[in-house]
Structures are given as structure tokens and as C-alpha cells.
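The chain contents come next:
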Amino acid sequence: MTRRVLILGASGSIGTQALEIIAARDDLEAVGLAVGSDWQTAVAQARGFGLDLIGVADPEAASEAQSNFAGTVLSGQSAARELIGVTAPDIVLNGIVGAAGLGPTIAALTEGVDVALANKESLVIGGELVTELASATGAKLLPVDSEHSALFQLMEHESPDAVSRMVLTASGGPFRGRKQLGGITVEQALDHPTWAMGGRITIDSATLMNKGFEMIEAHHLFRLPYRQIDVVVHPQSIVHSLIDLRDGATLAHLGYPDMRVPIAYALTWPERAEVPVERLDLAKVGTLEFEEPDPVTFRCLGLAREAGEAGGIAPCVLNAADEVAVASFLEGQIEFSQIATVIEQTLEDVGSGAAKGFEELFAVDEASRERASEIIYGLD
Ligand code: MG
């Protein structure tokens, strides 16, 4: 049986690798794709896969796409949702970056469509409501984030109450071992040692905020309290995560860092696809190192844990402030070390409380962005 896949965020690193996997398999079919603004890539991909329908969120880019494409171009923030309705996929791969990915996750789950989730913000911002919605409609959330895919695979044959602890591995980013984060350039921060990814997630990896988000993501995916979720720094990125079991066994998931493995697993689950990645040679790797994260220098990790534990709207504020702070850093407006300052201040100013519904989360997201921008404006 062919599984029909809709790709959101098709021009990004996850989206393009997913399309390569789909092209190589008879049991997967791309039925639609959507991008934010990179309409040239979207049009080329649509031609390559014989699609006559694409989504382009940015209205200007969408009209460019329409004048260069014989098929239909859906435009605006609702494009992803409309695509889900029109293409009726079996699974949506959500590779959208940032808070913009939450709406499409909600739309797919509401329709009872499984989601291969690379957009971690869906769970960071709306974890409680998103997992409730998935349970209500019976749609599955299949993690694409490498650590969570590893945990998902490790958990497949374990009962949740046998798990005493989950350990997420972190590469430590380019600034591992530094005791202060002053004077860091954008170029240095974008130079990730083991994973090649988009701009925002690379900066989030350098601040360790990415790992903070991943703790929140793991909490919701696997329903484990935060005190049972730990992080260990592992610069080689060979071990992708571990679980401790109550009998004293620890299981780990290993492999060279290659996102095609978790993407293929999410798209073909519960089958295992043939994926043409380099096979792990531990003798060649030689040494695997592990160390405690440094929460004093890398404050974002602690801020994320606190926001996760507070729950409700706090992780939504955390993410919004981070998106704004990272964008400002990339534009040269603030120092790398000020990213954490902006997030901490925004969390304090916006406050916490229960998240009653998605509409409220969208409002909190907007208010937090405004507040973070004001804080940045006030910095010198
Ligand atoms: Mg990850």
C-alpha cells in the first residue's frame, strides 16, 4: 500500500531530504508540498514530482510562483491547512521552522492525519493541547527530531513505567567548554560541529536552547516528568539518546548523524526502510566522550527547564522570545550572550498561567514577540 505524504517546509533541510527518500521508494508518494517563501524550489520540486498543487505561505512569493507554474498555488498562512484538506494525505511531514508550524500540526491532527513532526515548536508551544488533540482524534505523532526518533525507537518494546530516565544527548555546539560567551560572531555561531541545519536551529544549538526545547518535546511525546529527563553533552553526536530501565539496563541508539534515518523511520513506521547512509564503524570512531552540560554559561538550558516545569503558556513565551532574540542576533542587533537575557526578561514580564486553548497560545505568542522586541530595543 502506498502511503501518501504531504510535505510542509519542503525547501528546508528536512523537506528536501524527505523528498529524496520518497523519490527512492515505491511505497511512499508525495501528494503535495508547501514552502514559506522559496517559491523557486517549490516549483522545481512540484515539476519533479508531477504535482499540480503547491502552497506558498508568503503572498508575494506565491504570486511569483503562480506566474511561473501551470498548476495551482495556494497562498497565505492558511495554505498548509487547505493543502491538507485538498490532498487528504495519510501523513503530513511538518518541517516548518518555528511557531508557524503549530497551526498546520493542529490542522492535520484535527483531521485525524498522522504527523511526522520535525517542527519541535508544535510541542514546545502547545504540547499539552497538541497531545490531547492527537489522543482525541487517534492521529499519531511520529518524531523526526533525531533524539526523539531515537527515544521512540528505544521505547517501542518497553512499557512506559519500566523507564526510570531518558537522557538526551547534546553535541554541545561550537562553544562547548567556553566559560563566557562574549564577542561571538554570527559566523562562529552558525558553524555547528556535527549537524548541518537551518540558521535558527543552529543558533539554538549553540546556546543549548535547542536541547531545552527537546526536553519539553520529550516530556510531551513520552509523558515523562521533567525530573526523569536529563541532558548529557556528547560532542561526537554518535549516541542519539538513551533510556534507563528499572532493572538497571540502559539502552542507547547509535549512528552517524544523518537526518535521513529519523525521517525515513517516521515516514515508513512501523516498517524499516533501506536507507543508503554510512554504516557505523565504532573502531573508526574510536572515542565517545560525555560530559555534564554547563548551565551557568549556557543559561538557555535552565530557562527552558523552568518554563517546561511551569507549563501552561510559559514554553510558548520561551519559544517566542527565543525566535525574536535569535533573529536579532542574526541581524547583528544583539550580542550572542544577550539571547538568554532577552528570553529571561520576556518570561518574567509576560508571566505564566494555564493555556486554555490554541487561540490563547497564538495571542501569547504575539504578545511575547512584542515584549521581546521592546526589551531588545531597550538594550544597548
Ligand atoms: Mg534534535
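Coordinates for the structure precede this section.
Analysis parameters
Residues numbered from 1 in each chain as written. Predicted model: local features only at pLDDT ≥ 70, side-chain atom pairs only at ≥ 80, totals over all residues. Heavy atoms only, no water. Donors = N, O, S within 2.8 Å, 3.2 Å for Na, K, Ca; no water. Buried < 20%, exposed > 50% of the residue type's maximum accessible area, 1.4 Å probe, protein only. Pairing = 2+ DSSP bridges. Helix = DSSP H or I, 4+ residues; strand = E, 2+ residues; numbered from the N terminus. Axes fitted to C-alpha atoms, helices over the stretch in contact; angles between N-to-C directions. Contact = heavy atoms within 4.5 Å. Disulfide = S-S within 2.5 Å. Parallel < 35°, antiparallel > 145°, perpendicular 65-115°, else oblique. Nonpolar A, V, L, I, M, F, W, Y, C, P; charged D, E, K, R; others polar. Core = buried A, V, L, I, M, F, W, Y, C linked by side-chain atoms within 4.5 Å. Left-handed = near helix turned anticlockwise from the far one by under 90°. Right-handed = clockwise from strand over helix to strand, strands pointing away. Patch = residues over 30% accessible without salt bridge, like charges linked within 9 Å, V, L, I, M, F, W, Y side chains within 5 Å. Areas by Shrake-Rupley, 256 points an atom, 1.4 Å probe, with all protein chains shown as cover. Salt bridge = Lys/Arg side-chain N within 4 Å of Asp/Glu carboxyl O.

A. Local environment of the coordination of the magnesium ion. For the magnesium ion, every protein donor is listed as Asp145 (OD), Glu147 (OE) and Glu214 (OE), and the spread of their distances is 2.1 Å. The sequence pattern describing where the donors of the magnesium ion fall on their chain is D-x1-E-x66-E. Accessibility classification places Asp145 together with Glu147 in one group, the buried group.

B. Representation of the sheet that holds strand β8 (residues 163-170) within the structure. Strand order in the open sheet formed by 4 strands is β9-β8-β10-β11, and the pairing between neighbours is mixed. The open sheet has two edge strands, β9 (229-233) and β11 (250-254), and neither has a second partner. Pairwise comparison of adjacent strand axes, ignoring direction, gives a mean angle of 20° for this sheet. Relative to β11, strand β10 (residues 239-245) is paired through 5 bridges, and the arrangement is antiparallel. Note on β11: the bridge partner recorded for Ser241 is His253. Taken strand by strand, helix α10 (residues 209-222) contacts β8 and β9, and its axis lies near 150° from that of β8.

C. Expanded view of the state of the cysteines. Considering all chains together, one arrives at 0 disulfides under this definition. Free of any disulfide, Cys300 has its nearest neighbouring cysteine sulfur in Cys316, separated by 17 Å. Classification of Cys316 as buried rests on a relative accessible area of 0%.

D. Highlighting the packing of helix α5 (residues 102-110) against helix α6 (residues 121-137). The N-to-C vectors of α5 and α6 enclose an angle of 5°; their axes lie 9 Å apart at closest approach. Judged by the inter-axis angle, α5 sits roughly parallel to α6. The residues of α6 that touch α5, namely those facing Leu102, Thr105, Ile106, Leu109 and Thr110, are Ser122, Ile125, Val130, Leu133, Ala134 and Thr137. Here the residues of the contact of α5 with α6 sort into 7 nonpolar, 4 polar and no charged.

E. Region of the structure containing the nonpolar core. With 128 residues, the main nonpolar core has Ile54, Leu267, Leu318 and Phe336 as its most contacted residues. The element that contributes the greatest number of residues to this core is helix α14 (residues 314-330), accounting for 9 residues. Residue contacts for Phe336: discarding those within four places in its chain leaves Phe175, Leu181, Ile184, Ala189, Ile203, Ala206, Thr207 and Phe329.

F. Representation of the packing of helix α7 (residues 146-155) against α10. As a packed pair, α7 and α10 sit with axes 10 Å apart at the nearest point and diverge in direction by 30°. Taken together, the axes of α7 and α10 are roughly parallel relative to one another. For the element pair α7 and α10, the recorded crossing hand is right-handed. Judged by residue contacts, Glu147, His148, Leu151, Phe152 and Met155 of α7 engage Lys211, Glu214, Glu217, Ala218, Leu221 and Phe222 from α10. Across the contact of α7 with α10, the residue classes break down as 6 nonpolar, 1 polar and 4 charged.

G. Molecular detail of the pairing of strand β6 (residues 114-117). Because side chains alternate across β6, one face comprises the buried residues Asp114 and Ala116, and the other comprises Val115 and Leu117, equally buried. Of the strand pairs in this sheet, strand β5 (residues 91-94) and β6 are connected by 4 bridges, and their pairing is parallel. Within β6, the position partnered with Leu93 by the bridge is Ala116. The handedness of the β5 to β6 crossover, carried by α5, is right-handed. One ladder, built from 3 bridges, connects β6 with strand β7 (residues 141-143); its direction is parallel. Considered in β7, the bridge of Ala116 is made with Leu142. Considered for its hand, the β-α-β crossover made up of β6, α6 and β7 is right-handed.

H. Summary view of a nonpolar patch on the surface. Taken together, the side chains of Leu254, Leu280 and Leu282 present a nonpolar region at the surface, about 230 Å² in accessible area. Within the element layout of this structure, Leu254 appears in strand β11.

I. Representation of the sheet that holds strand β1 (residues 3-8). Across the sheet, 7 strands lie side by side as β4-β3-β2-β1-β5-β6-β7; this open sheet has parallel pairing. Each end of this open sheet is capped by a strand with a single partner; those strands are β4 (72-75) and β7. Between one strand axis and the next, the sheet turns through 25° on average, direction left out of account. Relative to strand β2 (residues 28-35), β1 runs parallel, the two being bridged by 6 bridges. Pairing of Leu6 across the sheet is with Gly32, part of β2. Where helix α2 (residues 39-48) meets the sheet, it contacts β2 and β3 (53-56), and its direction lies at approximately 160° from that of β2. Across the sheet, helix α3 (residues 59-67) is in contact with β3 and β4; its angle to β4 comes to roughly 175°.

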